[in-house]
Amino acid sequence: MSRRDAVRMSDEEIDSFLSERHVMNVATMRGDGRIHLVAMWYGFVDDKPAFWTYGRSQKIANLQRDPRITCLVEDGEQYDELRGVELSGAARVVDDRDTVLAVGRSVYERYTAPYDESVLPQLEYAAAKRVAVVIDVENITSWDHRKLGGTY
């Protein structure tokens, strides 16, 4: 078994890791070919990773020109703790209010507090200028250095 195979996460481990509360680093392509990289809270819609952002943001301008996206979710401070999942694929920018609110609710529940109906006005206010970005994942790369057992 190669070292690469030794640290690769199983599908179940990837799902578990992504369901934890992490930050997603989102990379899109600027018009001049440079990478635009930002950290985002993320959620899920229809079991796909998703985030919401302002409709006039740089990442949305980039995605409307070129829907390719790469996202990194990572964790760990020391080499033997490093874990990560890279998701690459195509982004769908969605302005449907129900989808935008669903993503907002997912993000709220993951990073703020349990959702209840009293939060809806706050989410609706935030959603007014936002769009959802749903990631259609085409490739996944993962690693969990904890599997090395302290050997390098």
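For the structure, see preceding data.
Cut-offs used in this document
- Residues numbered from 1 in each chain as written.
- Predicted model: local features only at pLDDT ≥ 70, side-chain atom pairs only at ≥ 80, totals over all residues.
- Heavy atoms only, no water.
- Helix = DSSP H or I, 4+ residues; strand = E, 2+ residues; numbered from the N terminus.
- Buried < 20%, exposed > 50% of the residue type's maximum accessible area, 1.4 Å probe, protein only.
- Salt bridge = Lys/Arg side-chain N within 4 Å of Asp/Glu carboxyl O.
- Pairing = 2+ DSSP bridges.
- Axes fitted to C-alpha atoms, helices over the stretch in contact; angles between N-to-C directions.
- Contact = heavy atoms within 4.5 Å.
- Core = buried A, V, L, I, M, F, W, Y, C linked by side-chain atoms within 4.5 Å.

(A) Inspection of unusual backbone geometry at higher detail. Even without a glycine there, the phi angle at D46 is positive, about 50°. Here D46 lies in the loop between β3 (43-45) and β4 (48-54). For D46, a relative accessible area of 69% gives the class exposed. Backbone geometry at D47 places phi at a positive 65°, although glycine is not the residue there.

(B) Geometry of the pattern of salt bridges. In total, this model carries 10 salt bridges according to the counting rule given. A salt bridge links D5 to R8, with the nearest nitrogen and oxygen atoms 2.5 Å apart. The partly exposed category is assigned to D5, whose relative accessible area is 37%.

(C) Here's a closer look at the sheet that holds strand β6 (residues 83-94). Taken together, seven strands build an open sheet; the order of strands is β2-β1-β5-β6-β7-β4-β3 and the sheet is antiparallel. Two strands lie at the open edges of the sheet, namely β2 (35-40) and β3, each paired on one side alone. The average undirected angle you get between the axes of adjacent strands in this sheet is 35°. Sheet analysis places β4 next to strand β7 (residues 130-144), joined by five bridges and oriented antiparallel. Looking at β7, one finds that Y54 is bridged to R130. Relative to β3, helix α4 (residues 97-111) is tilted by about 145°, and along the sheet it contacts β3, β4, β6 and β7.

(D) Geometry of the nonpolar core. Grouped together as the largest cluster of nonpolar side chains are 36 residues, with contacts concentrated most on L18, M24, F51 and I69. Element by element, the count of residues in this core is highest for α4, at six residues. L18 has contacts with Y42, F44, V73, V85, L87 and R110, leaving out every residue within four places of it along the chain.

It is worth stressing that arrangement in space is one thing and function is another; only the former is reported here.
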